[in-house]
Structure formats: C-alpha cells, structure tokens
Amino acid sequence: MNLENLPIASKQALLDALQWCSAKVGLTLPEWLLGLVSALVIIVTILATFLILFALMSVFERKLLARAQNRYGPNRVGPCGLFQPVADGIKMLTKEDLVPRSADKVVHYLAPIAMVAPALMLPVILPYGRDMVAVDLPVGILFFFALGAGSELAVFMAGWASNNKYSILGAMRAIAQMISYELPLVTSAVVVALVAGTLSPAVIVEAQRGYSYGFVPHWFVCTPWGFAACLLFYLGALAESNRCPFDLPEGESEIIAGHLTEYSGFKYAIFFMAEYVGMFAINGLLVTLFLGGYQAPFPFLEWIPSWCWFFAKLWAVALSMVWVRTTLPRFRIDQMMQFAWKFMLPMSFVALLAAAAWHYAGRGPAAWGISALVILIPYLLLGHFCFTRQHSATNRRYYYSE
Amino acid sequence: MMLQILLALSAALFALGLLAALTRRNAIMILIGIELMLGAGNLNFISFWKFSAHPENLTGIMFAIFSIAIAAAEAAVGLAIIIQVHRRLHSVDVDQANQLKG
Amino acid sequence: MHALFQKIASLPWEQLPQWLFLIPGLLMLLAAAAAVCLRNLVHSALCLVASFIALGVLFMALGAEFVGFVQLLVYVGAVAMLILFAILLTPAGEVLASNNPLRNFRLSSALHAAAGAAVAFLVLVGLLAAIAFSPRAASAVLPAQAAAAPVALIGENLLTHTLLPLLGIAVLLTAALVGAALIAKEDSQS
C-alpha cells in the first residue's frame with residue numbers, strides 16, 4: 001500500500017464498499033449518484049480536517065502563549081489540556097444567545113452565516129497532495145480573493161446590526177484594515193501568477209517542482225522577488241485574519257470586542273471558527289503560492305507523502321503566526337493604515353517589477369542579482385526617507401487621533 | 001428561447017434599476033439604481049457572447065470586464081460627491097439639492 | 001399515481017443543466033426588487049449585494065467564470081463596501097417623517113414617483129416587445145462548440161486586441177482614485 005495515495009485509495013475503497021452493499025441489496029446505483037457521493041466524501045473530509053485543525057490550534061495557541069508568558073496554558077481537561085476545545089464547544093453551545101432589543105434582528109442573525117459560509121468555501125481550491133485538489137478551478141486565486149470580500153461584508157453586518165457605538169466603530173476599523181491590506185495581498189499573489197503564467201493553484205505548485213544543485217528547491221520563496229512577495233503576503237494574511245499585531249478590530253482593551261461585542265454563545269463560536277478557518281485557508285494559499293505546496297524541500301525527503309508535507313508546512317506557518325502574536329504589540333489604527341498604503345503597497349509593486357526583471361533578464365545568475373537589487377534599493381530608500389524620525393527632544397512630532 | 005429568457009431577465013433588471021433611479025429621492029438609492037442598470041447591460045453582453053457565432057472572439061467578455069471596471073470607478077466618484085454634498089446640505093435628498101449657490 | 005410517476009420520469013431531465021441558470025436569475029430579480037422597494041437604506045444595500053452575488057453566479061452558469069468572479073470581487077467586495085460606507089457616513093439628519101404615512105403625503109412627490117414608475121414600466125414593456133418580436137433573438141441557437149473563455153485567452157486578448165482600452169482604463173481608474181479622494185476631502189480651513 002502506497003502512503004502517498006492513501007487518501008485517494010481510501011475514498012475509492014469507500015465508494016467500492018457502497019457499490020458492494022447496494023449490489024448485495026439488489027439495486028444498481030446510477031452514475032450521477034456515485035459522483036455525488038464522491039463529492040460529498042471529499043467535502044466532509046476537508047471540512048472535518050479544517051475543523052480539527054481549528055480545534056487543535058485553539059488549544060495549542062493558548063498553550064504556546066502561556067509558555068511564552070511563563071505560565072501553563074489549559075492543562076486540566078484531558079491529557080495536557082488537549083480536550084479543551086470540547087469543553088469550549090460545550091460552553092459556547094450552552095450559553096444564552098443574547099440579542100440586544102434595539103438590534104436589527106435579521107441582519108444580526110445573518111452576519112455569522114455570511115462570515116462562515118465564504119470561510120468554509122475557501123479551502124476547496126488548495127492542492128493538498130499530488131493530484132489531490134477538490135476543485136481544480138482555472139481561476140482559483142481569483143475565487144479565493146472574491147470569497148475574502150464576502151467576509152468583509154459580514155463584519156460590516158455584524159457591526160451595524162448590533163446598534164452599538166463600539167460595534168460600529170470596530171466594524172469600520174476592521175473593514176478599513178481589511179480593504180487596505182487586501183491590495184498588497186492580491187498584488188503579491190499576482191506576482192506569483194505572473195511568473196507561473198496561470199491562476200490555478202495546482203499548476204502553480206507544479207511550477208515549483210525540481211531542485212537546483214541537488215538540494216535547493218525551486219520554491220518561489222527562494223527567489224528574491226518571491227521572498228519579498230511571501231513576506232508581504234504573510235503580513236497581509238495576518239491583517240486579513242485580524243491577528244496580532246493587526247488585531248485592533250478585536251482589541252479587548254480598547255473597544256471591548258469591536259464588531260463582536262453583542263454576540264454570545266454559538267454565534268460567537270461561529271465567528272471564532274470562521275476567523276480560524278479563514279486563517280488556515282490563507283496560510284494554505286501562502287504554502288501553495290510560495291512554499292512549494294506539497295513538494296518536499298529536499299530530494300532525500302521525498303519518501304514522506306505529499307499531503308503530509310502540505311499539512312506540516314501549513315501547521316508551521318500557523319504556529320509562526322502564533323509566535324508573532326506572542327511577541328509583537330498591537331498597531332494603532334493610523335500606524336496600520338500608513339504601513340499598508342505607504343510601505344506595503346509600493347513594495348508589492350516593486351516585487352512585481354523585480355519578478356518581471358528576473359523573467360526578462362533570462363532567469364539566470366545575472367537575473368537574480370538584478371531582481372535582488374530592484375527590491376533592495378527601494379526598500380532601503382523607503383525605509384530611510386519615510387520611516388526614520390529625528391529623535392530629538394525639541395522637534396518631536398506627536399500624532400493625535402482626530 | 002434561452003436567449004430570449006436571458007434578455008428578458010436583463011430587461012427586467014434594467015427596468016428595476018430605472019425605477020430606483022427615477023422614483024427614489026435618496027441620492028444613494030439613485031446610485032444603486034444606476035449600478036443595477038449597468039449590471040443588466042453586462043448580462044446582455046454575456047448573453048449575446050454565449051449565443052454568438054464566434055464565441056472565441058471573446059468580445060462580449062471584454063466589454064463586460066471593462067464595464068465592471070468603469071462602474072467601480074463611477075461608483076467611487078459618485079459616492080465622493082454624495083459625501084461632499086452631505087457635508088454642505090446635511091442631507092442626501094436630491095430634492096433639497098436644488099440651488100446652484102454652494 | 002403510477003401514471004404521474006411515469007409522466008415525471010419522461011420529462012427531458014438531460015436538458016435540465018442548461019436551464020439551471022433560471023434559479024440565480026430569479027433570485028437576482030427578487031433581490032433587486034427588494035433593493036428598490038425597501039425603505040431602510042442598509043437593508044436595501046444588502047439586498048443589492050445579494051443581487052450582485054446572484055448576477056455573478058448567473059455569469060458563471062453562462063460559461064463566463066472569469067467575469068463572474070470579477071463581478072464578485074469588484075461589485076461585492078468594492079462597490080457594495082463603498083455604498084455601505086457612504087450610507088454610514090451620511091446619516092439622515094432630524095427625521096422629518098413621522099410614522100403615519102398619510103401625513104407625509106405631498107402631491108408633487110407622489111406625482112413624480114408615479115411618473116417615474118410609469119416611465120420604467122413603459123421601458124420594460126418596450127424592451128420585452130423588442131425581444132419577443134426580434135427574429136434574431138427568436139432564432140438564436142447555441143454554437144456548435146460550447147462557448148469557453150479560458151483565462152489565458154482573456155489575458156492575451158486584453159494585451160493585444162484591447163490594449164488601448166486597457167491603458168485607457170488604467171488612466172481612468174487612477175483619475176477616479178485621485179478625484180474621489182480629492183472631492184471627499186474635508187476642507188482644512190473650516
């Protein structure tokens with residue numbers, strides 16, 4: 001039995017068992033029904049995987065945060081606290097669902113649904129292994145960002161329907177942040193689409209196949225423009241998922257819970273789940289675009305199945321996001337906006353230029369030097385002229401919120 | 001018959017947009033009507049592309065893509081104007097914006 | 001009973017997939033009608049969003065997937081957001097209307113609304129008549145090869161056949177960006 005084909009083989013075994021059972025009963029299943037059952041099996045597997053990842057992440061994040069702060073995390077429920085998500089789920093399900101009297105009932109009810117439906121549709125285009133894409137869309141990347149727009153709408157609905165000053169304020173800040181960071185995010189993805197020549201994630205992963213000098217993988221993150229685009233995509237992913245240091249919309253010490261203030265119980269759990277599933281989906285896209293998807297990093301490690309590599313890389317990127325959360329403080333809203341529009345957007349265009357320069361200079365050694373220079377020079381200039389301040393006591397510049 | 005049904009859908013959407021643009025007094029509702037009319041036009045382009053003799057020309061698709069981009073630009077400018085008008089008149093009622101004096 | 005089942009089974013079920021576009025089409029009309037008729041602006045804008053989503057799905061059902069996703073990305077993600085922000089930033093001042101609809105009745109605005117509705121109805125009737133009596137629309141058949149729009153072909157068209165409109169729209173979008181920011185800017189003196 002080949003470990004690589006384990007998921008596909010098990011799905012086929014399930015379908016064969018179904019056909020055997022129906023043959024025993026005496027009726028033949030039509031072709032379309034088998035296709036439907038196959039699609040349902042794939043959907044249920046993907047959903048179950050991401051929900052298990054969400055549950056594991058919620059407990060690992062709290063334990064990692066705790067360890068970084070020199071305390072234990074949740075360690076009472078189950079071995080080392082691993083059953084904490086079950087306890088959290090029971091708590092969320094049994095809490096009273098409070099809706100404010102002056103809230104807009106219909107929109108308040110629909111907001112979590114509008115948040116979680118696009119988030120659960122996001123993981124469907126990611127290639128989990130060799131020939132293991134649920135839906136091989138030729139416009140996969142566009143699909144991903146189109147669904148991301150749906151979650152912004154849900155944030156607005158949540159904030160407005162709660163009829164609460166803090167909710168509206170939080171919702172407007174959240175949408176401003178998400179729209180501002182969507183531009184560098186999409187431009188970094190366009191950089192990869194430019195070089196690979198396609199918008200389909202499966203083809204992009206295949207374009208990163210191969211090794212140079214026997215051990216250096218052809219992942220896009222190993223190129224200068226790919227490294228810049230990967231960093232920008234990573235920061236954009238942090239902002240889109242409202243994670244620290246970009247979690248002002250949910251800043252507990254400042255605006256209570258922002259757009260989530262008036263949500264309790266299961267609706268809050270749905271928002272929480274949508275945020276984490278969205279985070280995993282965008283991390284999956286980062287792995288697909290820049291980290292080689294399901295390819296192994298070194299040729300002597302290729303015996304590990306491709307789907308194991310995908311989930312290992314996904315888990316590594318997710319844990320790095322938790323690491324960033326333990327380390328960095330929160331941005332202020334004007335710092336966040338300046339960072340997006342004055343630094344990340346120009347740098348994403350610079351990465352686009354660098355990728356084009358790399359391609360047209362022949363993709364050889366000279367091309368690497370040229371594209372590295374194209375990235376470094378604007379980065380240093382931008383950093384020197386725009387973001388360094390004269391730290392003297394007399395001509396300090398203070399920023400106040402208007 | 002399928003083309004006729006698609007064109008009828010597009011005509012109905014256009015009529016709804018026209019109704020919003022002509023009947024409502026709120027400037028933002030008028031803009032919503034304009035966006036509906038532009039959407040109806042896009043539907044017409046795509047329907048005719050699907051039933052054309054040479055769909056590999058992609059003319060309808062090109063038209064639709066550019067129309068979507070122009071609609072976005074026009075919505076941005078229109079809403080900026082509405083916000084500025086609101087600052088002056090403290091209302092977005094187009095019946096109250098009836099004087100040339102700013 | 002058995003005859004009913006036979007009748008249902010003998011319907012042309014293989015042709016169903018091509019008529020499935022009617023579902024998003026009717027949803028789109030319903031949502032647009034709600035958007036036009038609702039009094040609450042935010043509800044109306046959210047129904048508009050539903051209408052845009054249904055229109056995007058309709059584009060995908062007609063074989064133009066790229067346009068469908070661009071519609072979702074641009075209209076739902078950008079235009080609808082702009083409209084919602086504008087609604088938030090332009091709240092109605094003192095509410096002059098009372099709850100009794102008869103008290104707000106002004107003959108001039110009622111006449112204007114009726115005239116507008118009449119014009120829209122006439123336009124609808126005219127368009128439907130044109131569609132019904134047009135020989136080209138009645139005799140349209142699907143081309144032999146299913147209309148396909150691969151993304152690579154769209155990109156190639158954009159950069160070769162429609163290069164000039166592409167550059168023009170780049171200038172237009174830049175002008176719209178700068179213009180909108182300038183128009184909506186607050187006067188620093190006041």
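Up top is the structure these notes are about.
Values in this document were obtained by computation on a predicted structure and should not be read as measured data.

Rules and cut-offs
- Residues numbered from 1 in each chain as written.
- Chains lettered and ligands numbered in written order.
- Predicted model: local features only at pLDDT ≥ 70, side-chain atom pairs only at ≥ 80, totals over all residues.
- Heavy atoms only, no water.
- Phe/Tyr/Trp six-rings, centres within 6.5 Å; stacked < 30°, edge-to-face > 60°.
- Helix = DSSP H or I, 4+ residues; strand = E, 2+ residues; numbered from the N terminus.
- Axes fitted to C-alpha atoms, helices over the stretch in contact; angles between N-to-C directions.
- Left-handed = near helix turned anticlockwise from the far one by under 90°.
- Contact = heavy atoms within 4.5 Å.
- Nonpolar A, V, L, I, M, F, W, Y, C, P; charged D, E, K, R; others polar.
- Patch = residues over 30% accessible without salt bridge, like charges linked within 9 Å, V, L, I, M, F, W, Y side chains within 5 Å.
- Areas by Shrake-Rupley, 256 points an atom, 1.4 Å probe, with all protein chains shown as cover.
- Salt bridge = Lys/Arg side-chain N within 4 Å of Asp/Glu carboxyl O.
- Buried < 20%, exposed > 50% of the residue type's maximum accessible area, 1.4 Å probe, protein only.
- Expected span 1.5 Å × (residues − 1).
- Polar contact = N/O pair within 3.5 Å; in protein donor to acceptor, adjacent residues only side chain to side chain.

Engineer: Residue-level account of the packing of aromatic side chains, with values.
Structural biologist: Residues and elements named next belong to chain A. Enumeration according to the criterion identifies 26 aromatic pairs over all chains in this entry. Centre to centre, the rings of Trp358 and Trp368 are 6.4 Å apart; their planes meet at 75°, and the pair counts as edge-to-face. Of the two residues, Trp358 sits in helix H12 (residues 333-360) while Trp368 sits in helix H13 (residues 365-386), which places them 10 residues apart along the sequence. Grouped by ring-pair contacts, the aromatic residues Tyr181, Phe246, Phe331, Phe339, Phe343 and Tyr379 constitute a single cluster.

Engineer: Describe the packing of helix H6 (residues 165-196) of chain A against helix H5 (residues 65-89) of chain C, and please don't skip the residues or the numbers.
Structural biologist: For the pair H6(A) and H5(C), the least separation of the axes is 12 Å and the interaxial angle reads 145°. Between H6(A) and H5(C) lies a crossing of left-handed hand. Side by side, H6(A) and H5(C) meet where Ile168(A), Met172(A), Ile175(A), Ile179(A) and Glu182(A) of the first sit next to Leu73(C), Met81(C), Phe85(C), Leu88(C) and Leu89(C) of the second. For the contact of H6(A) with H5(C), a count of residues per class yields 9 nonpolar, no polar and 1 charged.

Engineer: Could you give an account of a nonpolar patch on the surface, with specific residues and numbers?
Structural biologist: All names here are of chain C. A contiguous nonpolar surface patch, about 1,200 Å² in accessible area, is contributed by Met1, Leu4, Phe5, Ile8, Leu11, Trp13, Leu16, Leu20, Ile23, Leu27 and Leu30. For the nonpolar patch, the secondary structure elements donating two or more residues are helix H1 (2-9) and helix H3 (22-37). Tracing the backbone through its elements, the reader meets Trp13 in the loop between H1 and helix H2 (16-19). For Trp13, a relative accessible area of 45% gives the class partly exposed.

Engineer: Go over helix H4 (residues 41-61) of chain C, please, and point to the residues and values.
Structural biologist: All names here are of chain C. Between its first and last C-alpha, H4 extends 30 Å over 21 residues, near the 30 Å set by a 1.5 Å rise per residue. Regarding H4, its N-cap is Asn40, as a side-chain oxygen of that residue lies 3.3 Å from the backbone nitrogen of Val42 further along. Following H4 by one or two positions, Gly63 adopts a phi angle in the positive range, close to 100°.

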